[in-house]
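In case you want the letters, here they are:
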Amino acid sequence: MHFDAIVIGAGFAGLYQLHGLRDRLGLRVRVLEAGGDLGGTWYWNRYPGARCDSESHAYRYFFSRELNDEWQSTERYPGPPEIRAYLDYVAKKFDLRRDMKFGVRVTAASFDEGTNRWRVETESGEQCTATYLVAAVGCLSAANVPDIPGLKDFRGNWYHTGQWPQEGVDFTGKRVGQIGTGSTGIQAAPVIAQSAAHLTVFQRTANYSVPARNAPLTPEFKRWVRDNFDEIRGIARSTVNGHAFRISERNVADVTPEEREAVYQAAWETGGLQFRATFRDLVTDRAANATAAEFLKARIRAAVKDPATAESLANIDHPYAAKRPPIDTDYFETFNRANVSLVDLRADPIERITADGIRTEGKSGRREHALDIIVFATGFDAMTGPLLKMDIRGRAGRSLREDWKTGPETYLGLQMPGFPNLFTITGPGSPSVLTNMPVAIEQHVDWITECIGHLRRNGIETIEPSAQATREWTATVQEAAQATVLWDAKHSWYFGANVAGKPQVFMPYAGGLARYAKLCEGVAERGYEGFVLGRAKAPA
Ligand code: NAP
């Protein structure tokens, strides 16, 4: 079967891309989704404590005022069921489901230079073709289960948070081991601890966290969200990170130490990612950052009663926000419970997984941690993983896996040379994971939709970036990161450091969403500068 466009993935990106291509351009579009329903990351991430860390009035689409008027979130940070309900509402409102197919995993896609079409193959052996192929596969959808020796010997059950069983997991009376203390682990541990007999948290890298301070939304706030659509959207689209809060104009050095502490304290009490917005230079100036880091480490020491545990939790080796900053509900306080313990893997590394649990060996000698369940909160093969899981082949059979052997190279995170008419939404080289995702997604989808509209109006058959534009943009992405403290955390997943054998290249564009959106706009206005546009061949 042939379509004008195939969109892979039915999360925020896939849904809106379908709407854009079908309802604005009138194309015949099919969405293929591996999950059993729409939702993308929110279909798979059902682990205990899962919750969005963008606020609900910004974690939504802004393309439709009517949609904004109709949908009311119930909490400051929505959980997966509410986000899925929102996406379901969107799908119904815009009649999207009729062009979506679920339970279909795309395994390969290859470009046929004779017909200028993409051939898409699925796990079940189905094939279809399309003129345009849009990968809306998400940045954090390829689960990373580390290769720790002995996992196959474990007699209990184990789960990865990003592939959580739909029916949930009952921890009642169980001895649970959780590996990982990133955004996910920090959300999961307090909830698991409430029902488990015992929870052991295995921490490799200590992490900052700011309280989320989640709460139900008041009727007044809901009204404010409805009545201030333009303002909220305006802020979200004009900041570096797509959130609906402004970043302070002040630098840390502009205020006295007392004023600074008061600013941090107020942000701590407000809770959430706004903490990062307290001073303009927090992510660009190491000394400024160190003041925030010290404030947050002091909060950890104040929250955790056992001094040794507090020290392990506060022994953080990177600047604040250099790794993705988590927000939490009672994470550090959880370590005051009698049924929770921390294993500091820097002192006592995992030696292996055994039939009965996890064995560590280090400063405390050899220790067996008896477990019934292991939870891997170990993150994702981020950004490139979801794309490279598929065998994507462009002109002359050229393989994306080969091209990206030393790291991803894209033009604006939107396209790769030699892969005509293939678009990536929030791909490597775009602001993506450094932003409130729906805002970044809308910007990409709007750009791609406009671009495809331009191609069709002007009889252009193919678009792909030039090698030079791609090289230059790839260098720009590295330079943008070098100008921030994000460059200091070489062990972060932004560099691919969490996956064995992955090339160490900073993947997202750290220059800010608003600046990036302007760049993309300018490129389009200048006739798709940096792209090679292929016209239909005249008949021989
Ligand atoms: P993550 O940030 O990559 O954290 C994974 C954790 O597992 C880290 O503590 C890591 O330690 C540890 N780990 C990995 N391999 C290990 C090994 N072999 N042995 C011991 N420890 C190991 O993953 P995540 O927490 O799932 O978060 C990923 C991203 O998803 C976040 O940064 C965020 O962008 C997104 N997210 C968002 C939300 C939200 O909206 N609320 C919630 C969850 C996640 P090291 O640090 O030492 O590598």
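Residues numbered from 1 in each chain as written. Predicted model: local features only at pLDDT ≥ 70, side-chain atom pairs only at ≥ 80, totals over all residues. Heavy atoms only, no water.

1. Description of the overall build of the protein chain
Looking only at helices and strands, one finds 16 helices and 20 strands in the protein chain. For a compact globule of 540 residues, the expected C-alpha radius of gyration is about 24 Å, and the protein chain comes in at 23 Å, within 12% of that figure. Its C-alpha atoms give the protein chain principal-axis dimensions of about 80 × 55 × 45 Å. In the protein chain, which comprises 540 residues, the share counted as buried stands at 58%. The contacts of the protein chain with a sequence gap of at least 6 include a subset with a gap of at least 24, amounting to 72%. Summed over all atoms, the accessible surface of the protein chain reaches about 21800 Å², with 48% contributed by carbon and sulfur. For the protein chain, the centre of its 64 positive side-chain charges and the centre of its 65 negative side-chain charges are spaced 2 Å apart. (Helix = DSSP H or I, 4+ residues; strand = E, 2+ residues; numbered from the N terminus. Rg over C-alpha atoms; globule rule 2.2 N^0.38 Å. Buried < 20%, exposed > 50% of the residue type's maximum accessible area, 1.4 Å probe, protein only. Contact = heavy atoms within 4.5 Å. Areas by Shrake-Rupley, 256 points an atom, 1.4 Å probe, with all protein chains shown as cover. Lys, Arg positive; Asp, Glu negative; His and termini not counted. Charge placed at Lys NZ, Arg CZ, Asp CG, Glu CD.)

2. A word on the domain arrangement of the protein chain
By the assigned domains, the protein chain splits into domain 1 (2-142 + 381-528) and domain 2 (144-208 + 306-379). Listed by partner, the interface residues are 24 residues for domain 1 and 25 residues for domain 2. Buried area between domain 1 and domain 2, both sides added, is near 2000 Å², and the carbon and sulfur share of it is 53%. Put simply, domain 1 and domain 2 have one salt bridge between them. The closest approach of N and O atoms between Arg324 and Asp53, which form a salt bridge, is 2.7 Å. Among the residues forming the side of domain 1 that touches domain 2, the class breakdown is 14 nonpolar, five polar and five charged. (Domains from an automatic or database assignment. Buried area = accessible area lost by both parts, 1.4 Å probe. Salt bridge = Lys/Arg side-chain N within 4 Å of Asp/Glu carboxyl O. Nonpolar A, V, L, I, M, F, W, Y, C, P; charged D, E, K, R; others polar.)

3. A closer look at the site of the ligand
Around the ligand there are 23 residues in total, and Arg51, Thr184, Arg204, Thr205 and Lys323 lie nearest to it. Residue Lys323 places a side-chain N or O atom 2.6 Å away from an oxygen atom belonging to the ligand. Taking 900 Å² as the accessible area of the ligand by itself, protein coverage stands at 89%. By residue number, the principal contributor to the shell around the ligand is helix H5 (residues 183-195), which donates three residues. (Near = heavy atom within 4 Å. Polar contact = N/O pair within 3.5 Å; in protein donor to acceptor, adjacent residues only side chain to side chain.)

4. Structural notes on helix H14 (residues 437-457)
Here H14 is 21 residues long and its end C-alpha atoms lie 30 Å apart, about the 30 Å a rise of 1.5 Å per residue gives. In the segment just after H14, Gly459 is the residue with positive phi, at about 60 degrees. (Expected span 1.5 Å × (residues − 1).)

5. Details of the pattern of salt bridges
A full pass over the atoms with the stated rule returns 37 salt bridges. As a salt-bridge pair, Arg22 and Asp23 come within 2.7 Å of each other at their nearest N and O atoms. Here Asp488 ties to Arg286 by a salt bridge, and the two come within 2.6 Å at their closest N and O atoms. With a gap of 202 residues between them, Asp488 in the loop between helix H15 (467-482) and helix H16 (513-525) and Arg286 in helix H9 (residues 286-303) connect regions that are remote in the sequence. One continuous salt-bridge network, built from bridges that share partners, spans Arg22, Asp23, Asp95, Arg98 and Asp99.

6. As for the confidence of the model for the protein chain
Scored by pLDDT, the protein chain has a mean of 97; 99% of the residues are at 70 or more. The least confident element of the protein chain, judged by mean pLDDT, is strand E20 (residues 531-535) at 95; the most confident is strand E18 (residues 422-424) at 99. (pLDDT = per-residue confidence, 0-100.)

7. What about the nonpolar core?
Within the largest apolar cluster, 79 residues are counted, with the highest numbers of intra-cluster contacts made by Phe12, Tyr61, Leu412, Phe423 and Trp447. In terms of residue count, H14 provides more of this core than any other element does, ten residues in total. Among residues more than four places away in sequence, those in contact with Phe423 are Tyr132, Leu133, Val134, Ala135, Leu414, Gln415, Trp447, Ile448, Cys451, Ile452 and Ile463. Judged by nonpolar contacts, the second largest core, of 48 residues, contains Ile192, Ala196, Ile300 and Val340. (Core = buried A, V, L, I, M, F, W, Y, C linked by side-chain atoms within 4.5 Å.)

8. Observations regarding the side chain of Asn116
Along the chain, the position of Asn116 falls in the loop between strand E4 (106-112) and strand E5 (117-122). Among the polar contacts listed, one links the side chain of Asn116 to the side chain of Glu461, at a separation of 2.7 Å. Here Asn116 is in contact with Phe111, Thr131, Glu461 and Thr462, once residues within four sequence places are set aside.

9. Structural notes on the sheet that holds strand E7 (residues 157-160)
On the basis of which strands lie adjacent, the open sheet formed by five strands has the order E7-E16-E8-E9-E12 and parallel pairing. Both edges of this open sheet fall to E7 and strand E12 (340-344), since each of them pairs with a single strand only. Each strand axis lies, on average, 20 degrees off the axis of its neighbour in the sheet, ignoring direction. Taken together, the five bridges between strand E9 (residues 198-203) and E12 define a ladder with parallel strand orientation. The partner of Phe202 across the bridge, within E12, is Val343. Contacts between H5 and the sheet are confined to strand E8 (175-179), E9, E12 and strand E16 (373-376), with E8 contributing the most and set at about 170 degrees to the helix. Of the strands in this sheet, E9 and E12 are in contact with helix H10 (residues 307-314), which crosses E12 at around 55 degrees. (Pairing = 2+ DSSP bridges. Axes fitted to C-alpha atoms, helices over the stretch in contact; angles between N-to-C directions.)

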